[in-house]
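# Structure assessment
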Amino acid sequence: MSRRRVVVTGLGVLAACGVGKEDYFAGLLSEPPRGLLLVAGFDPTPHFANAKEMRRHDRFAQFALACAAEALEDAGGLDPDPDRVGVWIGTGVGGLMSIETCMHQHFTRGPKRVSPFLIPMMMANAAAAAVSMRYGYQGPCEATSTACASATQSIGNAAELIRHGRCDVMLAGGSECSSSPTGIQGFANMTALSRVGVSRPFDRDRDGFMHAEGCGVLVLEDLHYARARGARVLAEIAGYASTADAYHITAPAPGGTGAIACMERAIDDAGMAPSDIVHINAHGTSTPLNDASEAEAIWKVFGSPGPLVTSTKGVTGHALGAAGAIEAVAVIMSMQRGVLPPTAGYATPDPEVAPIRIVAPDPCEWEPGPSLSNSFGFGGHNACLVINPPPAD
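Notes on the structure in this doc start here. (Residues numbered from 1 in each chain as written. Predicted model: local features only at pLDDT ≥ 70, side-chain atom pairs only at ≥ 80, totals over all residues. Heavy atoms only, no water.)

## Quick notes on unusual backbone geometry
The linkage connecting serine 304 with the following residue, proline 305, adopts the cis geometry, with an omega of 10 degrees. Tracing the sequence through the fold places proline 305 in the loop between helix H11 (288-302) and strand E9 (308-310). A cis geometry characterises the amide bond from alanine 360 onward to proline 361, with omega recorded as 0 degrees. Secondary-structure assignment places proline 361 in the loop between strand E11 (357-358) and strand E12 (364-365). Backbone geometry at alanine 246 places phi at a positive 50 degrees, although glycine is not the residue there. Note on placement: alanine 246 falls in the loop between strand E7 (235-244) and helix H10 (257-269). You will see that leucine 320, though not glycine, has its phi angle at about 55 degrees, which is positive. As for its position among the elements, leucine 320 is in the loop between helix H12 (313-316) and helix H13 (323-337). (Helix = DSSP H or I, 4+ residues; strand = E, 2+ residues; numbered from the N terminus.)

Here it is in structure tokens:
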């Protein structure tokens, strides 16, 4: 069965290294922020009519509304049939900040102090619902919650709705704000966080990731629909796949078998061969097991020398359910600018890690071509996107 081609026409992003796509990409080329990677420069007030409305949205939903606004402005001139537009915004943990705040109120000031908006603020679909209602989009409105694979699967699932004719336009991505004291301590107690406060993907001395906030939203369109309205096409979502390790709640499958299957299926879905891929934005969390497993998987699929590999988490930290979206934005902006950000924190090769071509310590000029964006989540969730430069035909 023939399928429609899916292109990207708008980008919205915020991360600890920058609010808005221009500041974000400049941040990827700069020194990483230090300490807890919060989106410190984010002001939600322009996106709400008043403070009362703003307080009824958890921070992760506020992020999504801000990024959706930027992405739609970037896409320009979009006036679609509301029934033909959908929203698919994932998250790993949803409104954790609201949950913790209301629990504190409950146990210190009494049950009547719990906000009547707690449930709609904490639910994982709150961000997608908020964007759908803000713009009146009446197509499918969904949220994928598969830990650190959430955003990539959301983009892939949204692309499928366009491919198969249900929608002409989708707003897709992921949003995360799990930086509550209890959330951070949970990651610390499971020894997932860096003890020295630095993300060092693939480096010999890596000891965990830096917990981060973030959000990314992409405007996806059917290629013919985008061209008919004269849209500027930024990239093409050429392939997508998801698999499960079916192995362990946090550890990757031995030998990277789930990641291998996912990368191979995504490349096949794009109608390509591994030799066609020139760049990989790796999941690259800076944890000992993940990086070793992913590098082994990349080496087994692509051989030597293989594609250029970068992990932007050296700068952004790990934004969990938003990671795949902000990384897809990084891939597309790298294509626009002809430069790949370096893997910040990578200094010393690990002899126990497969020999992949890591971009470090400086940015790298490149000829943009088919790129793979990897996301692998707790629970054994794997997701990969093949992203191409704008189509010429």
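## What to know about the pairing of strand E14 (residues 381-388)
E14 sits mainly inside the fold: seven of its eight residues count as buried. The sheet contact formed by E7 and E14 spans eight bridges and is antiparallel. Residue pairing for E14: glycine 239 is matched across the bridge by valine 386. Direction of pairing for strand E13 (residues 371-377) relative to E14: antiparallel, over a ladder of seven bridges. Paired with leucine 372 across the two strands is valine 386, which belongs to E14. The turn linking E13 back onto E14 is made up of three residues, and glycine 379 within it adopts a positive phi angle of 95 degrees. (Buried < 20%, exposed > 50% of the residue type's maximum accessible area, 1.4 Å probe, protein only. Pairing = 2+ DSSP bridges.)

## Considerations on the environment of isoleucine 162
With respect to the element layout, isoleucine 162 can be found in helix H7 (residues 150-163). When its relative accessible area of 0% is taken as the criterion, isoleucine 162 is described as buried. Placed 108 residues apart in sequence, isoleucine 162 and methionine 54 show a C-alpha to C-alpha distance of 32 Å. Those residues in contact with isoleucine 162 that sit more than four places away from it in its chain are Arg4, Val6, Cys167, Asp168, Val169, Met170, Leu220, Glu221 and Asp222. (Contact = heavy atoms within 4.5 Å.)

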